[in-house]
2 protein chains.
Amino acid sequence: MYGSERSRSASHQSYEMLRDKILNGELQGGTKIVEEKIAAELGVSRTPIRESIRKLEYEGLIVNKRVVKPTEKDLRNMFQVRILLEGYSAQCAASYIKEKELEELLACVEIGRNGEVEEIMKANERFHEIIVQSSNNPVMIDIIDRMQSTIYLFRKTVVFYNRPHLIDEHEQIYEAIKERDGQKAEQLMKSHLQADLEFCLHLIG
Amino acid sequence: MYGSERSRSASHQSYEMLRDKILNGELQGGTKIVEEKIAAELGVSRTPIRESIRKLEYEGLIVNKRVVKPTEKDLRNMFQVRILLEGYSAQCAASYIKEKELEELLACVEIGRNGEVEEIMKANERFHEIIVQSSNNPVMIDIIDRMQSTIYLFRKTVVFYNRPHLIDEHEQIYEAIKERDGQKAEQLMKSHLQADLEFCLHLIG
DNA sequence: TACATAAAAATTGTATACATTTTTTTATTT
DNA sequence: AAATAAAAAAATGTATACAATTTTTATGTA
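If you're wondering where the values come from, they're calculated on a predicted model, not measured in any experiment. (Residues numbered from 1 in each chain as written. Chains lettered and ligands numbered in written order. Predicted model: local features only at pLDDT ≥ 70, side-chain atom pairs only at ≥ 80, totals over all residues. Heavy atoms only, no water.)

Let us look at the pattern of salt bridges. Residues and elements named next belong to chain B. In total, this model carries 36 salt bridges over all chains according to the counting rule given. With a closest N to O distance of 3.3 Å, E35 and R50 form a salt bridge. With a gap of 15 residues between them, E35 in helix α2 (residues 35-42) and R50 in helix α3 (residues 46-59) connect regions that are remote in the sequence. Under the relative-accessibility criterion, R50 is labelled partly exposed at 24%. A salt bridge links E57 to R54; the nearest nitrogen and oxygen atoms lie 3.5 Å apart. (Salt bridge = Lys/Arg side-chain N within 4 Å of Asp/Glu carboxyl O. Helix = DSSP H or I, 4+ residues; strand = E, 2+ residues; numbered from the N terminus. Buried < 20%, exposed > 50% of the residue type's maximum accessible area, 1.4 Å probe, protein only.)

All right, on to helix α5 (residues 99-114) of chain B then. Residues and elements named next belong to chain B. If you check α5, its first and last C-alpha atoms are 23 Å apart, about what 16 residues at 1.5 Å a residue would give, namely 22 Å. Along α5, the residues classified as buried are L102, L105, C108, V109 and G112. For α5, the buried positions fall inside an angular range of 115° around the axis, keeping them on one side. Exposed residues pointing more than 90 degrees away from the buried face of α5 are listed as E99, K100, E103 and N114. (Expected span 1.5 Å × (residues − 1). Arc of directions from axis to C-beta.)

What follows covers the protein's contact with DNA strand D. Around DNA strand D, 15 residues are found, and the nearest of them are A10, S45 and T47 of chain A together with R46 and R50 of chain B. Each atom of DNA strand D within 4 Å of the protein was classed as base or backbone; sugar and phosphate made up 53%. Side-chain polar atom of R46 of chain B to a base nitrogen of DNA strand D: 2.8 Å apart, as the coordinates give it. Those elements that provide at least two residues to the surface near DNA strand D are α1 (10-23) and α3 (46-59) of chain A together with α3 of chain B. (Near = heavy atom within 4 Å. Polar contact = N/O pair within 3.5 Å; in protein donor to acceptor, adjacent residues only side chain to side chain.)

Aligned on chain A, chain B shows an RMSD of 0.0 Å; the corresponding rotation is 180° and the shift along the axis is 0.0 Å. Accordingly, the operation relating the two chain copies is best matched by a two-fold axis. (Least-squares fit on C-alpha atoms with pLDDT ≥ 70 in both.)

With that out of the way, let us pick up the UniProt feature "domain: HTH gntR-type" (unreviewed entry) in chain A. Listed under "domain: HTH gntR-type" (unreviewed entry) in the UniProt record, and renumbered for this structure, are residues 8-76 of chain A. Across residues 8-76 of chain A, helical content stands at 59% and strand content at 6%; the span's end C-alpha atoms are separated by 35 Å. (UniProt positions renumbered as here; feature names shortened; annotations may be inferred.)

Given two aromatic rings, their pairing is described by the distance between the two centres and the angle made by the two planes. Under the counting rule described, the total for this entry stands at one aromatic pair over all chains. Ring plane angle 35° and centroid distance 4.2 Å describe the contact between Y58 of chain A and Y58 of chain B, whose orientation is recorded as tilted. Note that Y58 of chain A is positioned in helix α3 and Y58 of chain B in helix α3, a pairing that runs across two chains. Given a relative accessible area of 26%, Y58 of chain A falls into the partly exposed group. Between the NZ or CZ atom of K55 of chain A and the centre of the ring of Y15 of chain A, over which it lies, the distance is 4.4 Å. (Phe/Tyr/Trp six-rings, centres within 6.5 Å; stacked < 30°, edge-to-face > 60°. Lys NZ or Arg CZ within 6 Å of the ring centre and 35° of its normal.)

Have a look at this one:
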């Protein structure tokens, strides 16, 4: 259904193009973003480009007309928030998650063990996504989402590693949720994310 | 110093004007926002108006070209996040707050007891602000800030009441922080905000 | 060389005009 | 009278032009 979707507005196309280029590193941190240059590149006027840039500014991917270059401190700050919100989401999930999602969590763990690199990465992202969604709180989901791109940007270089124990930790979280033990699920999620942060900082710093 | 500040760009002026009108109720929830109308009102072109509208959209004050009309569910969702983040901030404050800020917290409590209505309202806001700031986490501060306007919008009609025990609760939180008891401060902050939410919902629903 | 300053260039902010889409109104049919 | 389609109007999206600002470069001086 989605595949056949009509192409959206110029500003939206520009937004997606810029975001992708930032996330995949084609536009490196610190690069100056000049409206006219982007406009020429896409063959449109500056007007829609400006809107797309504003949007990326609100998302934190562009700061002061430059591609963001998140510092360690930025990453720590985001993770601090993420740990609080995803930890809480895990607790909610233990109470509210449905059988279907529970099965999908398990599937993610299994792909994490036996899948191809690309699959594994997707499954790991999906694992967190399912839990966050199950908070059933659009405000919370939104906040986590918005931080996601900057976090991804920071750990770009790390992402092809697979941290030791990562899948084991996912499995433990899954078990806790399955047993409907909210406290445990929250605690496990928090230390999982903490370990993730530290691995990330260690590799880079 | 700030008083004599140069007037900012048209889009920023427009942003402030619209935001204020929304917050003080001059533009009611559900009101359609039409670019040309606003532009004519301010005597500028649509271009800067569009930017200001986008900004308000990101802040959640405009949704689908209409002034937002937050539902009870929205308020609950925001408070859920706010309780997590401000609770945590209170914990941090217990560890890190400086003498000067502690004194200011106490001053807020005292104004809450003896001040004029306007002063009290300001002091109560300031009380929370100090604690949030002391988290020392710009990401966290930003998120709380962004929710603030929508929360304010919702409780506009409530704001001139002063909930019973509100100041007592502030004082207890202050005491816990002063005693450097992070767990207690967090717990007190959480129930304080929970009570606030319920008072608000009760008055309106 | 290092620093300040003026001129030039580049970039962003805003106005206006037109194209496209969405909403409202009106007309038509059942 | 209700439902539908066609037409008109309104509103938004985009392009272009110009004004204001910021950044860069060139130039002169200590």
